[in-house]
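Given next are the chains, with one letter for each unit.
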Amino acid sequence: MSASSLDRYHAKRDFTLTPEPSGKGRRSARAGEDGLHFFIQRHHARRLHYDFRLELDGVLKSWAVPKGPSLDPHDKRLAVRVEDHPLDYGTFEGDIPEHQYGAGHVVLWDRGQWLPQGDVHAGLKKGHLSFELQGDKLQGRWALVRMGKPAADGKENWLLIKDDDDAARSGKAAAITELRPESVKDRGDEVGAGDKGQENQRAARPKKASKSSRQPPSSAEAADAQPRPTKLPDTMDAQLATLVDQAPQGDEWLSELKFDGYRGLCRIDAGRAAIFTREGLDWSHRWPILVKALERLPVDDAWIDGEVVALDENGQISFEALQTLARGDRQQANGIRLALYAFDLLFLNGHDLREVPLLQRKELLRTLIPGADEDGLLLYSEHIVGHTDEVFQHACQHGMEGIVVKRAAAPYTGRRDRNWLKLKCEHRQEFVIAGYTEPAGQRSGFGAILVGVHDDKGQLRYAGRVGTGFDDRLLEQLLKQFRKLERDQPAFVNPPTGQQRRGVHWLAPKLVAEVRFAQWTRSGILRHGSFLALREDKQARDIVRETEQALAQPADEGDEGDESGNNDKAGGSKAATKADLSRPVTVAGVKLTHPGKILFPDTGLTKLELARYYQSVAGFILPELKQRPLSLVRCPDGQGGQCFFQKHIGQGMPEAIDAIEVPEGEGSARYMMVNDVAGLVATVQMGVLELHAWGATGRALDKPDRVVFDLDPAPDVPWAAVVEGAQLVRGLLQEIGLACYLKTSGGKGLHVMVPIRPDHRWDVVKDWAHRVAAHLARVLPDRFIARMSKAARQGRIFIDYLRNAPGATTVVAYSVRARAGASVSVPITWEELEQGITADHFKVATMPQRLKDLQDHDPWAGFGKARQRLSKAMLDAFEPV
């Protein structure tokens, strides 16, 4: 081992304080003895990242990979070269103390052998290292490619890239860090300090056992558990989780993903299995393939708790597919397959385990279902001890429904209590369907469903309409069910009146719908609801409004409350609302500090309200943000304070903000990206009031996919002239065969947007936009100007074509503006422009109504698909400038 290669490693650490190995005087028992080894550690330091380490020359060459490896060859993951580490660091797991370098939790996420392709040292020097990985999780060919020249301090930016081979995947199946979060550390490995309580995530797969060889838990397994010998119960009550507003902290809690499926309580008796819903309904006939898989388990009798899900060909859970799967063996047709995620073991071979601590129950379950059975039908639900905030944020970032947080030492009570807590990434719950409306326009079936929830008196209260989420087939199927349930009078105690009642068909309150929505109004009406599925496993009479309990204010002992564990069924929790303004609040997995801070003094809009606004418009704004470099307008003291632009990713950036390498000068720079709801909310935490995006995506940063004409009027130009100016621009573009879209700027003007195919480089597109602007200024000089000069702009509209250049940005649709009133840049139709909508017409306060209107018509519905080609004829249609 070269002593000098570890000098930087030793200089950064105080080995009297940190449990990390010093690398002096001993070698790793796993490294170097049977080939070259690699290790990957998940490191929850200041920012979550994955440390990728390759054994070479007696040390571990190391890279920090912020987003972790991906199995998709199209994902080029940034990998920052860091100092060499000693060989015995490879199996390190534990907690690095505060105030030490890299303070945080370290988990051994993967390991195995790596096989270099070609001369390793030449590859490192050249900046292109090709190799094969043979790990527990990562397989196949990979490459590390350096960006730019070698750095003197060793901190170089590389890319970690998966080769396109048999081990490559795409879509959700490529997200290996999400699919396989567990540790790979063996019990025989040396464990770093701080590992107390870490469970074995790689228990050996149990051998198939004959009936005669099946035994109750061994004395070693049951020593602490003390399970009670008893007869197998005929029924089992399901343990339910309480909805809370933030995640509890500490290693006494473990986190599991919240699965999007049906609860499945599985009973095995003398080799015969059955699956029951949480209501006790026997649904074995619906899932015979899972029943057969359970009957193959090496047990005499058992109760297993889990969730039945449907997985598509990419391994993604689909609740809709679960409802529409065919019966019998055909349930695995068309790329869709059933699976049961098992997360608890309640009874095993004559022993009742419900009083056994949860973590021990899971260890026993792991011996039955060590990961997945041979057919992939029975899956073990992995968990992570502690670090609940990070787990929740990770789940929301990757589109999961949420997480369930469980007390590791708790028994299984079979009721709702605060030993199981759930956190949701979005508003989503069940509603009773009690009416529907006639279809409008070209729609078939019906227009919308009328839904409600029960109050504390058991009365069904109207909660709004849901008109999206249905395809033609579903509209037809549901209408057949609705016609059988029609009645003359409404089941709601407070049915809609006036125009809202016209054309409504009332239904007997029998059906239950699961709905995703933006938020609740103060009057108890859901906003921007989207239908997900019917819930046949839940009774209409049990459906109440779910409200979050404040984590710091537990319910009284034995008080089970409603579906969320909250007795305030008719409205929100006043205690929780008050707590939102006085302490940190978690929104979409991101912690907001000072949520009650006022960002817009004239309206009183708070930090929490802005975060919830972005959560409500996520479905519209994210397509305008994803994979695009951003410039952010940050106003740490709110709209009335000092603001500044930021485009480079900096120190202390929230984990939810992604990075993208952008060419800059003779090298490159790291810009910011927002790719999900968590990223949106993280910008609010940063004090961001405006989001500005490039006109190109990371797929082709040198080729824009849209052209922007920013109509910026001088102060003395009347609004009617701006409207007419936008229409003139539209007419000119239509003449050459280009469709264009419109949005308010949220400030003074309008943005005319032209979606195009990314066929041309920036200089070509910018030159063409300049020609269009110059043509209008030449033909109509009293209306338009194509120069920035403010002195010459008087009485005219500046057609700003300069936004069509690399590095130039435009405020994105649905972004708030740092202006009085909290105005918003909003897509509109050309007809709406004629009806009096102005540049700053929409405000955060009025956007809920706008979102409601969008249920019927989205002005930009075709924007993402209208990839028009800028032909040579179009490029040559206007004179050169």
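Residues numbered from 1 in each chain as written. Predicted model: local features only at pLDDT ≥ 70, side-chain atom pairs only at ≥ 80, totals over all residues. Heavy atoms only, no water.

A. Quick look at the overall build of the chain. Each helix and strand counted, the chain has 18 helices and 45 strands in total. Residues counted as buried form 57% of the 881 residues belonging to the chain. Residue pairs at least 24 apart in sequence account for 68% of intrachain contacts in the chain once pairs closer than 6 positions are excluded. Here the chain displays about 37,500 Å² of accessible surface, and carbon together with sulfur accounts for 48% of that area. (Helix = DSSP H or I, 4+ residues; strand = E, 2+ residues; numbered from the N terminus. Buried < 20%, exposed > 50% of the residue type's maximum accessible area, 1.4 Å probe, protein only. Contact = heavy atoms within 4.5 Å. Areas by Shrake-Rupley, 256 points an atom, 1.4 Å probe, with all protein chains shown as cover.)

B. How the structure looks around the packing of aromatic side chains. Throughout the structure, instances matching the rule amount to 34 aromatic pairs. Aromatic pair Tyr 412 and Trp 420: ring centres 5.8 Å apart, planes at 85°, arrangement edge-to-face. As far as burial versus exposure is concerned, Tyr 412 and Trp 420 are alike and both buried. With centroids separated by 6.0 Å and ring planes inclined at 80°, the aromatic side chains of Tyr 671 and Trp 694 adopt a geometry described as edge-to-face. With Tyr 671 in strand 37 (residues 667–673) and Trp 694 in the loop between strand 38 (688–693) and strand 39 (706–713), this residue pair connects regions lying 23 residues apart in the sequence. Of the two residues examined, Tyr 671 and Trp 694, each falls in the buried class. Each member of the aromatic cluster is reached from another via a ring pair, and the members are Phe 38, Phe 52, Trp 63, Trp 114, Phe 131 and Trp 158. (Phe/Tyr/Trp six-rings, centres within 6.5 Å; stacked < 30°, edge-to-face > 60°.)

C. Geometry of the packing of helix 11 (residues 607–616) against helix 13 (residues 677–685). The N-to-C vectors of helix 11 and helix 13 enclose an angle of 155°; their axes lie 9 Å apart at closest approach. When the axis of helix 11 is compared with that of helix 13, the two are roughly antiparallel. In this structure, the crossing between helix 11 and helix 13 has a hand that is right-handed. Touching Lys 607, Leu 610, Ala 611, Tyr 614 and Gln 615 of helix 11 are Val 677, Leu 680, Val 681, Val 684 and Gln 685, all from helix 13. For the contact of helix 11 with helix 13, the class distribution of residues is seven nonpolar, two polar and one charged. (Axes fitted to C-alpha atoms, helices over the stretch in contact; angles between N-to-C directions. Parallel < 35°, antiparallel > 145°, perpendicular 65-115°, else oblique. Left-handed = near helix turned anticlockwise from the far one by under 90°. Nonpolar A, V, L, I, M, F, W, Y, C, P; charged D, E, K, R; others polar.)

D. Focus on the sheet that holds strand 20 (residues 402–407). Spatially, the five strands line up as an open sheet ordered 11-21-20-12-19, and their pairing is mixed. The sheet is open, and its two borders are formed by strand 11 (240–243) and strand 19 (384–385), each paired with just one other strand. Inspection of the sheet shows strand 12 (residues 253–257) paired to strand 19 by two bridges, in the antiparallel sense. Bridging across to strand 19, Leu 254 finds its partner in Val 385. (Pairing = 2+ DSSP bridges.)

E. Structural view of the nonpolar core. Tyr 613, Tyr 614, Phe 709, Trp 768 and Tyr 814 are the most contacted members of the largest nonpolar core, which has 97 residues in total. The element that contributes the greatest number of residues to this core is helix 15 (residues 762–779), accounting for seven residues. Aside from chain neighbours lying at most four places away, what touches Phe 709 is Leu 733, Leu 750, His 751, Val 752, Val 754, Trp 768, Ala 769, Val 772, Ile 799 and Asp 800. Grouped together as the second largest cluster of nonpolar side chains are 38 residues, Phe 482, Val 512, Ala 513 and Ile 543 included. (Core = buried A, V, L, I, M, F, W, Y, C linked by side-chain atoms within 4.5 Å.)

F. Spotlight on the state of the cysteines. Evaluation of the coordinates by the stated rule reveals one disulfide. The disulfide bridge from Cys 635 ends at Cys 643, spanning 2.1 Å between sulfur atoms. Given an S-S torsion of about 115°, the disulfide between Cys 635 and Cys 643 has right-handed geometry. Cys 635 gets classed as buried once you look at its relative accessible area, which sits at 0%. Cys 643 gets classed as partly exposed once you look at its relative accessible area, which sits at 30%. (Disulfide = S-S within 2.5 Å.)

G. Focus on the side chain of Arg 13. Topologically, Arg 13 is positioned in the loop between helix 1 (7–11) and strand 1 (37–44). One polar contact links Arg 13 to Glu 20, side chain to side chain, over a distance of 3.1 Å. Here His 85 takes part through its side chain, which lies 3.5 Å from a polar atom of the side chain of Arg 13. With near-sequence residues (within four places) excluded, Arg 13 lies in contact with Thr 18, Glu 20, Glu 83, His 85 and Tyr 101. (Polar contact = N/O pair within 3.5 Å; in protein donor to acceptor, adjacent residues only side chain to side chain.)

H. Representation of unusual backbone geometry. Of note, His 528 is a non-glycine position whose phi angle comes to about 55°, a positive value. Tracing the chain through its elements places His 528 in the loop between strand 28 (526–527) and strand 29 (530–534). Its relative accessible area of 23% is what places His 528 among the partly exposed residues. Backbone geometry places His 594, a non-glycine residue, at a positive phi of 50°. Counting through the fold element by element, His 594 comes out in the loop between strand 31 (590–592) and strand 32 (598–600). The exposed category is assigned to His 594, whose relative accessible area is 60%.

I. Expanded view of the sheet that holds strand 43 (residues 797–800). Pairing in this open sheet of six strands is mixed, and the strands run 42-43-39-41-40-45 from one edge to the other. A strand with exactly one partner marks an edge of an open sheet, and here the two such strands are strand 42 (784–785) and strand 45 (827–828). Relative to strand 41 (residues 750–755), strand 39 runs antiparallel, the two sharing six bridges. Looking at strand 41, one finds that Leu 711 is bridged to Leu 750.

J. Quick look at the pairing of strand 34 (residues 630–634). Burial runs high along strand 34: five of the five residues are buried. Burial of strand 34 is two-sided: the residues Leu 630, Leu 632 and Arg 634 facing one way and the residues Ser 631 and Val 633 facing the other way are all buried. Pairing of strand 34 with strand 38 involves five bridges; the strand directions are antiparallel. Bridge pairing links Ser 631 to His 692 in strand 38. Note that strand 34 and strand 35 (residues 644–646) share three bridges and pair antiparallel. Its bridge partner being in strand 35, Val 633 is matched across the sheet by Phe 645.

K. The pairing of strand 26 (residues 504–517), seen in detail. Burial analysis of strand 26 places ten of its 14 residues in the buried class, which makes it a mostly covered element. Pairing geometry for strand 22 (residues 427–437) and strand 26, over ten bridges, is antiparallel. Its bridge partner being in strand 26, His 427 is matched across the sheet by Phe 517. Two elements, strand 25 (residues 486–487) and strand 26, share two bridges in a ladder whose sense is antiparallel. When the bridges of strand 26 are listed, Arg 487 appears paired with Trp 506. Pairing of strand 26 with strand 29, which is carried by four bridges, proceeds in the antiparallel orientation. Bridge pairing in strand 29 links Val 515 to Phe 531.

L. Layout of the confidence of the model for the chain. This prediction gives the chain a mean pLDDT of 83; 86% of its residues lie at or above 70. Low pLDDT, under 50, characterises residues 326–332; the predicted model gives this stretch 17 contacts beyond four residues in sequence or across chains. Low confidence marks residues 553–580, where pLDDT is under 50. Its contacts with residues over four positions away, or in another chain, come to 60 contacts. (pLDDT = per-residue confidence, 0-100.)

M. Quick look at the pattern of salt bridges. Enumeration over the complete set of coordinates arrives at 43 salt bridges. Across the pair Arg 771 and Asp 767 runs a salt bridge whose closest N-O atoms are separated by 3.1 Å. Placement of the pair is Arg 771 and Asp 767 together in helix 15, with a separation of four residues, close to one helical turn. Under the relative-accessibility criterion, Asp 767 is labelled partly exposed at 34%. Measuring nitrogen to oxygen at the nearest pair gives 3.5 Å for the salt bridge that ties Asp 800 to Arg 803. Of the residues examined, Arg 803 reaches a relative accessible area of 25% and is grouped as partly exposed. Each of the salt bridges in this network shares a partner with another, and the network as a whole consists of Asp 260, Arg 428, Glu 514, Arg 535 and Asp 537. (Salt bridge = Lys/Arg side-chain N within 4 Å of Asp/Glu carboxyl O.)

N. Fine view of the side chain of Arg 634. Structurally, the position occupied by Arg 634 is in strand 34. Here Arg 634 occupies a buried position and makes no salt bridge, while the nearest side chain of opposite charge, Asp 637, is found at 11 Å. Within polar-contact distance, the side chain of Arg 634 engages the side chain of Gln 646 at 2.7 Å. In terms of polar contacts, Arg 634 uses its side chain to reach the backbone carbonyl oxygen of Met 686, at 3.2 Å. Ignoring sequence-local partners within four residues, the contact set of Arg 634 consists of Gln 642, Cys 643, Phe 644, Gln 646, Met 686, Gly 687 and Val 688. (Lys, Arg positive; Asp, Glu negative; His and termini not counted.)

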